[in-house]
Amino acid sequence: MKALTVIPLQAGSAELTDMPDPSPADGELLVEGVALGVCGTDIEIVGGEYGWAPPGEERLVLGHESLGRVVSVDTAPDAGFSVGDLVVGVVRRPDPVPCGACAAGQFDMCLNGRYTERGIKEIHGYGSSMWTVEASYAVRLDPSLESVGMLMEPTTIVAKAWDHIEKIAARAYTEQRRVLVTGAGPIGLLAALLASQRELEVHVLDVVESGLKPELVAELGAKYHHNGVAEAVTGCKPDVIIEATGVGQLVFDAMQGTGSGGIVCLTGVSPTGRHLDVDAGAVNREMVLENDVVFGSVNANLHHYEMAREALMAADRSWLERLITRRVPLSSFQDALDRRDDDVKVVIDLSA
Ligand SMILES: [Zn+2]
């Protein structure tokens, strides 16, 4: 089979590698790759900034935003899957100790950092024409999601964000009516989708003035802002902010932009080494005197995959399809790794 592989921490090492077809172990499904979503983490791995090969191997099969079709259940006959099922593979696996969080099924909250991740950290990813997955880490999708099923993994990220926002909100009497999402990339747009499904007043901030992003926001019935965070928060005084850019200044502006009892969820990762002038006292006063919560969120557990599946099923399919701005065959994977300004989600077709 063909696999998209890299030598981690070595820029320019991405290639299509001929590898033996995988053979499923007991409890695993054999899956034919359908499509693979590409995200910022993949670009970082290809750029040599991130990633770990499996122990004892030089190369890592890239890819964690999976979609495939089951071709054999011979090694997992009683797992409830059938040949032809559309499936997505979960990204993270619990650490081997396991820590308390992993033992409780909350491997997204792993406490010791020894978790592994398909296509990122020490386990091969889903960027190949064939792959295997433990049936217990495979999520079956309705056939109607075939064109958009690779959006599951980014949707799990925002499903977890919403799961935790709702848990934080439930700690006291607060009212969540207005939400501001900063950044209209895939994570931001999917966060806005889940906000609109919760019947909140949704605002989305980005920098582009026209084109697909404002259109997709408008189609959710949400308001689009492009004149900076000050204008956006003045206009809506959000109860919840989901920060999806990782732009340091925006993170601090967001922390000061909520109403009383505000909740800020940070999902974007900022580069280190950049210094900002921040009035730390003002941030502290705002947070203490308004009972605000700021929290970070990464990854997702099986519960969030269930939430994501429900969110995609309830979403307008044509809206989801419009998030996918380019599809390229595996043989042209390099095209998928070159980011263009008008990209929202780029997908590699594994069956082409
Ligand atoms: Zn753990």
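To start, this report covers the structure provided alongside it. (Residues numbered from 1 in each chain as written. Predicted model: local features only at pLDDT ≥ 70, side-chain atom pairs only at ≥ 80, totals over all residues. Heavy atoms only, no water.)

1. Observations concerning the overall build of the protein chain
In terms of regular secondary structure, the protein chain is built from eleven helices and 19 strands. Against the compact-globule benchmark of 20 Å for 352 residues, the protein chain has a radius of gyration of 20 Å, which places it among compact chains. Dimensions along the principal axes, computed over C-alpha positions, put the protein chain at roughly 60 × 45 × 40 Å. Each of the 352 residues in the protein chain was classed as buried or not, and the buried ones make up 52%. Long-range pairs, those at least 24 residues apart, make up 69% of the contacts in the protein chain between residues at least 6 apart in sequence. A total of about 15200 Å² of accessible surface is found on the protein chain, and carbon and sulfur atoms cover 50% of it. On the protein chain, the mean spot of the 28 positive side-chain charges and the mean spot of the 51 negative ones are 2 Å from each other. (Helix = DSSP H or I, 4+ residues; strand = E, 2+ residues; numbered from the N terminus. Rg over C-alpha atoms; globule rule 2.2 N^0.38 Å. Buried < 20%, exposed > 50% of the residue type's maximum accessible area, 1.4 Å probe, protein only. Contact = heavy atoms within 4.5 Å. Areas by Shrake-Rupley, 256 points an atom, 1.4 Å probe, with all protein chains shown as cover. Lys, Arg positive; Asp, Glu negative; His and termini not counted. Charge placed at Lys NZ, Arg CZ, Asp CG, Glu CD.)

2. Considerations on the sheet that holds strand 7 (residues 92-93)
Strands belonging to one sheet form pairs held by backbone hydrogen bonds; the direction of such a pair is parallel or antiparallel. On the basis of which strands lie adjacent, the open sheet formed by three strands has the order 7-8-9 and mixed pairing. Two strands in the sheet have a free side with no partner beyond their single neighbour: strand 7 and strand 9 (122-123). Pairing between strand 8 (residues 116-118) and strand 9: two bridges, direction parallel. Following the sheet pairing, Arg118 is matched in strand 9 by Ile123. (Pairing = 2+ DSSP bridges.)

3. What to know about the nonpolar core
The nonpolar side chains of a soluble globular protein tend to be buried with one another. Judged by nonpolar contacts, the single largest core of 96 residues is most densely connected at Leu29, Trp162, Trp319, Leu320 and Ile348. Top contributing element to this core by residue count: helix 3 (residues 152-169), with eight residues. If we skip the residues at most four places from it in the chain, Leu29 touches Pro24, Val70, Ser72, Val73, Ala76, Phe81, Trp131, Thr132, Val133, Ala135 and Ala138. Core analysis: the second largest hydrophobic core is formed by ten residues, Leu180, Val233, Leu250 and Ala254 among them. (Core = buried A, V, L, I, M, F, W, Y, C linked by side-chain atoms within 4.5 Å.)

4. Some points on the layout of surface pockets
There is about 270 Å³ of room inside the second largest pocket. Taken together, 16 residues form the lining of the second largest pocket, with Pro22, Arg118, His124, Gly125 and Thr132 sitting closest to its centre. A total of four residues in the lining of the second largest pocket trace back to one element, the largest contributor, which is strand 10 (residues 130-134). Of the residues that constitute the lining of the second largest pocket, the class distribution is eight nonpolar, four polar and four charged. (1 Å grid on protein atoms, 1.4 Å probe; cavity = no way out; pocket = protein on both sides within 12 Å on 5 of 7 lines; lining within 4 Å. Points joined across faces, edges and corners; volume = space filled by probe spheres on them. Nonpolar A, V, L, I, M, F, W, Y, C, P; charged D, E, K, R; others polar.)

5. Overview of the coordination of the zinc ion
Each protein donor to the zinc ion is listed here as Asp95 (OD), Cys99 (SG), Cys102 (SG) and Cys110 (SG); together their distances run 1.9 to 2.4 Å. What the four donor atoms of the zinc ion show is an angle range of 99 to 120° at the metal, which sorts the shape as tetrahedral. Sequence spacing of the donors to the zinc ion: D-x3-C-x2-C-x7-C. The buried category is assigned to Cys99, whose relative accessible area is 9%. (Donors = N, O, S within 2.8 Å, 3.2 Å for Na, K, Ca; no water. Tetrahedral: all angles 85-135°; square planar, octahedral: opposite > 155°, others 65-115°.)

6. Some words on the pairing of strand 16 (residues 263-266)
Where strand 15 (residues 240-243) meets strand 16, four bridges bridge the pair, whose relative direction is parallel. Each residue of the ladder has a partner; that of Ile242, found in strand 16, is Cys265. Each parallel crossover has a hand, and for strand 15 linked through helix 7 (residues 248-255) to strand 16 it is right-handed. Bridge analysis of strand 16 against strand 17 (residues 293-296) gives four bridges, and the strand direction is parallel. Within strand 17, the position partnered with Cys265 by the bridge is Phe295. (Right-handed = clockwise from strand over helix to strand, strands pointing away.)

7. So, the pattern of salt bridges
Scanning all chains against the criterion turns up 18 salt bridges. Residue Glu146 pairs with Arg69 through a salt bridge whose shortest N-O separation is 2.8 Å. Residue Glu146 is located in the loop between strand 11 (138-141) and helix 3, and its partner Arg69 is located in strand 5 (residues 65-72); the two are separated by 77 residues in the primary sequence. Under the relative-accessibility criterion, Glu146 is labelled partly exposed at 34%. Taking the relative accessible area as the measure of exposure, Arg69 reaches 24% and is therefore partly exposed. (Salt bridge = Lys/Arg side-chain N within 4 Å of Asp/Glu carboxyl O.)

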